[in-house]
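# Coordinate inspection notes
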Amino acid sequence: MLPAPAPTRFGLRSGLPEGLAVAAVLAGFFLATLIWQQRPRAAEPPGSIIVTTEHAEIYGLLARGFLRGQLDLDLVPDPALTAAANPYDPALRPKVWYPHDASLFNGKFYAYFGPAPAVLAYAPWRVLTGHDLPTAWAVLGFATLAFLGMVTFFRAVTAEAYPNASAGLRAAAIIGLGSTSLILPLVRRPAVYEAAIAAGAAAMLWGLYLAWRGRESPGQIRWGAGCGALLGLAIASRPTFGLAALPAWIILSGSDSRARLGLRWTRSVTAAAISGGAIVGLLLAYNHARFGSPLEFGQKYQLASLNENTVQHFGLRFVPTQAWLYLLSPLNWSGFFPFAEVTALSSKPSGFGSHELSFGILTNLPFLVLAAWTFTQITRPSTRKPIAAPLLVGFIAALGTMLPYYYSAIRYQTEFALWLSLAAAFGALEFAGSRPRRILVWALAVAAAAVVALVCVRAYEPDPTRFPSLLDPLARYLNWPAKAWRKTQGLTAGPVVIDLDLSQSTTNQEKYLLRVEGPAGDSESLLIGSNAAGGSRLIVRREGSARGEAHVDLPAPLAGRTGTLTVNLSSLYPLNESELEGHLD
């Protein structure tokens, strides 16, 4: 039997670099949330039929429902929806107001997403304040807890398995954890989807820490019970986090790093199974009470942008595409801030959905390659650390779930990146046996932080033609070298003057005024059309790997008129040497 693992303790001096690293990562989380709050927001068009996160947040509505003693959202569906023969088909759905991706069943709105975030955060906040908890701050809170759980788990394992690792090296590993875990991208666009994943990640990571504390320790059944309860909450946030049960079992089994890797049923495992099973049982009862089936979460009743009942969500034909997007696809780099852009998907298999800001983590975040120094320990019993097998199993299980899925998104990458990031952090401690290697680890960690930050900047929405106000001065400053170089080449930037001839146009026609072609099929266009008030609308439309649209409304119609139009386009989406810079004027 292994001795009880000692609690994590580091002296003040040894812990200072780690504390600074943690503070830097958390400051990045807060800044990302602040930038999101300050971003330019496109106005809702009149008659909008979708409730966005700016108007009604599903978890807030669910919390209100729970506090009223009901399982459905605190929102009454439009009668046209409840009377529709098939509201789940977007083509047949009435054009009325509804919460996007809510589930409609028996005349009531339900949440397809796990209920745990509503119970843990949204409902208590409403009881204490009388207001809904903004999802941006909920995601920030859950992401902070997830990262702190990851660091606590890392330090606990390090204290036992790597007691001689220097404070500076541990700090570099923590910087790597903060970036390559892809928790930050959850914060950069906080919506109901990110809230569920961030809450599940937080519960899972703290559960792994409790599993480490409770492995084969006499009298430590409480650690196993706590681990099981947290894993149950992770499942009640997002069911795919149930895959963490197997790595937790390996840890709780207390497999000796020099003897065995098998699973055993210990008292801690029993306690975890009981507490976790109780929460999962409540989740299944919750589903049965809503939809008449314990395994129905509401997906078949979702009011989504496609008919969930006709979509094949999983298929082996999606695996090569997803493996390329998630692991190997390189970023496209340019001289203009934010410099990095995800690779466009030139072709995709039949039935594959959207490619939403995912990128190859192995090719773009080489810090993760250090995970090999952790995983290869499994083949070396004499030096094997007890953490290698659980992390490898967790990574394979999470990745294996995402690869056959029909939709690609960076938030899904977080679920398997967590495991690989932890393995890379421990691998960094194995790898850095000399000063040059320690310097390399720091360089890889800082580079990973920069890449992830730039990818997140690229992703701010809904207006793809403007930076959030906090980033605009930075963008102008960082774009100066590229602008200066272009001037030496005789290239000019905007504004440009466009000759308008709309004498043959009517108010309801869209007309392309300017189109700029970019790499990999990307393009950015300026169009003119009409708005609901009878005036004209200038539209900037981005097509390709990062689609989006923004517009400026003019009070008077331009149809039937001729003249000139002076336009600047933003450098947020640099295309090629004919790119225009500035803002849409």
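Since we're looking at a predicted model, the values are computed, not measured.

The rules behind the values
Residues numbered from 1 in each chain as written. Predicted model: local features only at pLDDT ≥ 70, side-chain atom pairs only at ≥ 80, totals over all residues. Heavy atoms only, no water. Helix = DSSP H or I, 4+ residues; strand = E, 2+ residues; numbered from the N terminus. Buried < 20%, exposed > 50% of the residue type's maximum accessible area, 1.4 Å probe, protein only. Contact = heavy atoms within 4.5 Å. Areas by Shrake-Rupley, 256 points an atom, 1.4 Å probe, with all protein chains shown as cover. 1 Å grid on protein atoms, 1.4 Å probe; cavity = no way out; pocket = protein on both sides within 12 Å on 5 of 7 lines; lining within 4 Å. Points joined across faces, edges and corners; volume = space filled by probe spheres on them. Nonpolar A, V, L, I, M, F, W, Y, C, P; charged D, E, K, R; others polar. Patch = residues over 30% accessible without salt bridge, like charges linked within 9 Å, V, L, I, M, F, W, Y side chains within 5 Å. Salt bridge = Lys/Arg side-chain N within 4 Å of Asp/Glu carboxyl O. Phe/Tyr/Trp six-rings, centres within 6.5 Å; stacked < 30°, edge-to-face > 60°. Lys NZ or Arg CZ within 6 Å of the ring centre and 35° of its normal. Lys, Arg positive; Asp, Glu negative; His and termini not counted. Axes fitted to C-alpha atoms, helices over the stretch in contact; angles between N-to-C directions. Parallel < 35°, antiparallel > 145°, perpendicular 65-115°, else oblique. Left-handed = near helix turned anticlockwise from the far one by under 90°. pLDDT = per-residue confidence, 0-100. Expected span 1.5 Å × (residues − 1).

### A few points about the overall build of the protein
Counting its regular elements, the protein contains 19 helices and 14 strands. Taken over 585 residues, the protein has a buried fraction of 53%. By sequence separation, contacts in the protein at least 24 residues apart represent 72% of the contacts at least 6 residues apart. Summed over all atoms, the accessible surface of the protein reaches about 24,400 Å², with 62% contributed by carbon and sulfur.

### Section: the layout of surface pockets
Of the voids in this model, the second largest pocket is the one considered here, and its volume is about 440 Å³. Forming the boundary of the second largest pocket are 22 residues, of which Gly 28, Leu 31, Leu 184, Ala 449 and Ala 453 lie nearest the centre. Elements supplying a minimum of two residues to the lining of the second largest pocket: α1 (12-38), α6 (167-180) and α17 (435-458). With seven residues, α1 is the largest single contributor of residues to the lining of the second largest pocket. Among the residues forming the lining of the second largest pocket, the class breakdown is 19 nonpolar, three polar and no charged.

### Digging into empty space enclosed by the protein
Across all of its chains, the model carries four cavities of 30 Å³ or more by this definition. Estimated volume of the second largest cavity: approximately 50 Å³. Forming the boundary of the second largest cavity are Met 204, Thr 240, Phe 241, Leu 243, Ala 244, Ala 398, Glu 415 and Trp 419. Partitioning the lining of the second largest cavity into residue classes produces six nonpolar, one polar and one charged.

### A look at a nonpolar patch on the surface
Residues Trp 324, Leu 328 and Leu 362 make up a contiguous nonpolar surface patch of about 260 Å² in total accessible area. Within the secondary structure, Leu 328 is located in helix α12 (residues 319-328).

### Here's the deal with the packing of aromatic side chains
Under the criterion given, the structure shown has 24 aromatic pairs. An angle of 90° between the planes, with centres 5.6 Å apart, marks the rings of Tyr 405 and Tyr 412 as edge-to-face. Seen from the ring of Tyr 193, Arg 411 lies directly overhead, with NZ or CZ sitting 4.8 Å from the centre. The cationic tip of Arg 411 hangs over the ring face of Tyr 412; the distance from NZ or CZ to the ring centre is 5.0 Å.

### Focus: the pattern of salt bridges
Evaluation of the coordinates by the stated rule reveals ten salt bridges. Across the pair Glu 18 and Arg 170 runs a salt bridge whose closest N-O atoms are separated by 3.1 Å. Here the residue Glu 18 occupies a position in helix α1, and Arg 170 occupies one in helix α6, the gap between them amounting to 152 residues. The salt bridge partner of Arg 126 is Asp 132, with a shortest N-O separation of 3.0 Å.

### Observations regarding the side chain of Glu 57
Position of Glu 57 among the secondary structure elements: in the loop between β1 (50-51) and α2 (58-67). With no salt bridge to any partner, buried Glu 57 finds its closest opposite charge in Arg 64, at an N-O distance of 7.9 Å. When sequence neighbours within four positions are dropped, the list of residues in contact with Glu 57 reads Leu 133, Pro 134 and Thr 135.

### Details of the environment of Arg 537
Locating Arg 537 in the fold gives a position in strand β12 (residues 536-543). For the pair formed by Arg 537 and Ala 556, sequence separation is 19 residues and the distance between their alpha carbons is 9.5 Å.

### Describing the packing of α6 against helix α16 (residues 410-431)
If you want to describe how two helices pack, look at the angle between their axes and the distance between the axes. It is the contact of α6 with α16, at a shortest axis distance of 9 Å, that shows an interaxial angle of 165°. Here α6 lies roughly antiparallel to α16, going by the angle between them. Crossing hand, α6 versus α16: right-handed. Contacts between α6 and α16 involve Leu 169, Ala 173, Gly 176, Leu 177 and Thr 180 from the first element and Ala 417, Ser 421, Leu 422, Ala 425, Ala 428 and Leu 429 from the second. A class-by-class count of the residues in the contact of α6 with α16 yields eight nonpolar, three polar and no charged.

### Some points on the packing of helix α9 (residues 221-237) against helix α10 (residues 245-252)
At a minimum axis separation of 11 Å, α9 and α10 run at an interaxial angle of 175°. Looking at the two axes, α9 sits roughly antiparallel to α10. Residues Gly 224, Cys 227 and Leu 231 of α9 touch α10, and the partners they reach there are Ala 245, Ala 248 and Leu 252. Tallied by class, residues from the contact of α9 with α10 come to five nonpolar, one polar and no charged.

### Overview of the confidence of the model for the protein
Averaged over the protein, the pLDDT score is 82; the fraction of residues at 70 or greater is 80%. Below pLDDT 50 for its whole length, residues 461-465 participates in 20 contacts with residues either more than four positions away or in separate chains. Contacts for the low-pLDDT stretch residues 570-585, under 50 throughout, to residues beyond four places or in other chains number 77 contacts.

### With respect to α17
The end-to-end C-alpha distance of α17 is 35 Å, a good match for the 34 Å that 24 residues give at a rise of 1.5 Å each. Those residues of α17 not exposed but buried are Val 441, Leu 444, Ala 445, Ala 448, Val 451, Val 452, Leu 454, Val 455, Cys 456, Val 457 and Arg 458. In the core, the buried residues of α17 are packed alongside α6, α7 (184-188), β5 (332-333), β6 (340-341), α13 (361-364) and α16.

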